[in-house]
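# Reading the structure
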Amino acid sequence: MIHYYTLIGQTPVPCDDLLEWARWFEENDRTVMRTRILGLCEVSTVFLGLDHGLPFRLDGPPVLFETAVFWLGEDQWEMARCSTWSEAEEQHRRLCMEVARPRRVLVFIRRTFRDAIKAAKDDWRSAWRELRGIEPSEIEVLVQRLRNQVHRYGGMW
């Protein structure tokens, strides 16, 4: 069973040589579409090059394309997968329309404010304890180290 695929134009082609596939994968642009929505999120559709339907699906077409929605400043995302280039383009357009809906944007804004308020409360508690001379517990020190590492590598806590 072939798990590796390359593209000829917009058509996925099975590839049974792993080195040939790896070379193709490294040298070619696999982007189908990329769209920035309102400066708040990016919708990206790419050719995966591997059948991502396995091992759960043993029959039917290979799942080779993925559309993902990346919201600004968040390390979580939404995604959907499909089998063909034309399905990928349609999936991309559908997700772009979905995330541009006012309700979705308001949910993102509410979530962002909630996270900012929680971070401000945590900072205020730490500053208050420090001013009163209360040493942080071992767990608080560990949590702060983890937060620093996450922020250092560009993620959100």
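Now for a description of the structure that goes with this document.

### What to know about the side chain of S44
Looking at where S44 falls in the secondary structure, it is placed in strand β4 (residues 41-47). Among the residues examined, S44 registers a relative accessible area of 7% and is labelled buried. Polar side-chain contacts of S44 include one of 3.1 Å to the side chain of R34. Among residues more than four places away in sequence, those in contact with S44 are M33, R34, E66, T67, A68, F70 and H92.

### What about helix α2 (residues 85-99)?
If you check α2, its first and last C-alpha atoms are 21 Å apart, about what 15 residues at 1.5 Å a residue would give, namely 21 Å. Looking at α2, one finds that the buried residues are W85, A88, Q91, H92, L95, C96 and V99. All buried residues of α2 project into a common sector of 135° when viewed along the axis, lining one side. On its buried face, α2 is in contact with β1 (5-8), β3 (31-37), β4, β5 (65-71), β6 (77-82) and α3 (102-132).

### Some words on the sheet that holds β6
Spatially, the four strands line up as an open sheet ordered β3-β4-β5-β6, and their pairing is antiparallel. This sheet does not close on itself; its edge strands, each paired only once, are β3 and β6. Going from strand to strand, the sheet's axes swing by 10° on average, the running direction of each strand aside. Taken together, the six bridges between β3 and β4 define a ladder with antiparallel strand orientation. Note on β4: the bridge partner recorded for R36 is E42.

### Considering the pattern of salt bridges
Taken as a whole, this structure holds 10 salt bridges when the rule is applied. For D122, the salt bridge identified is with K118, shortest N-O distance 3.2 Å. Remark: K118 and D122 occur in helix α3; sequence separation between them is four residues, near one turn of the helix. Across the pair D122 and R125 runs a salt bridge, and its minimum N-O distance is 3.1 Å. A residue pair is termed a helical-turn pair when its members lie 3 or 4 positions apart in one helix, as D122 and R125 do in helix α3 at three residues. For R125, a relative accessible area of 45% corresponds to the partly exposed category. One continuous salt-bridge network, built from bridges that share partners, spans E78, E98, R101 and R104.

### Quick word on the state of the cysteines
Disulfide: a covalent bond connecting the sulfur atoms of a pair of cysteines. Applying the stated criterion across every chain yields a total of zero disulfides. Take C82: it sits in no disulfide, and the sulfur closest to it among the cysteines is that of C96, at 13 Å.

Reading the values: rules and limits
Residues numbered from 1 in each chain as written. Predicted model: local features only at pLDDT ≥ 70, side-chain atom pairs only at ≥ 80, totals over all residues. Heavy atoms only, no water. Helix = DSSP H or I, 4+ residues; strand = E, 2+ residues; numbered from the N terminus. Buried < 20%, exposed > 50% of the residue type's maximum accessible area, 1.4 Å probe, protein only. Polar contact = N/O pair within 3.5 Å; in protein donor to acceptor, adjacent residues only side chain to side chain. Contact = heavy atoms within 4.5 Å. Expected span 1.5 Å × (residues − 1). Arc of directions from axis to C-beta. Pairing = 2+ DSSP bridges. Axes fitted to C-alpha atoms, helices over the stretch in contact; angles between N-to-C directions. Salt bridge = Lys/Arg side-chain N within 4 Å of Asp/Glu carboxyl O. Disulfide = S-S within 2.5 Å.

These figures come from the coordinates and say nothing about function on their own.
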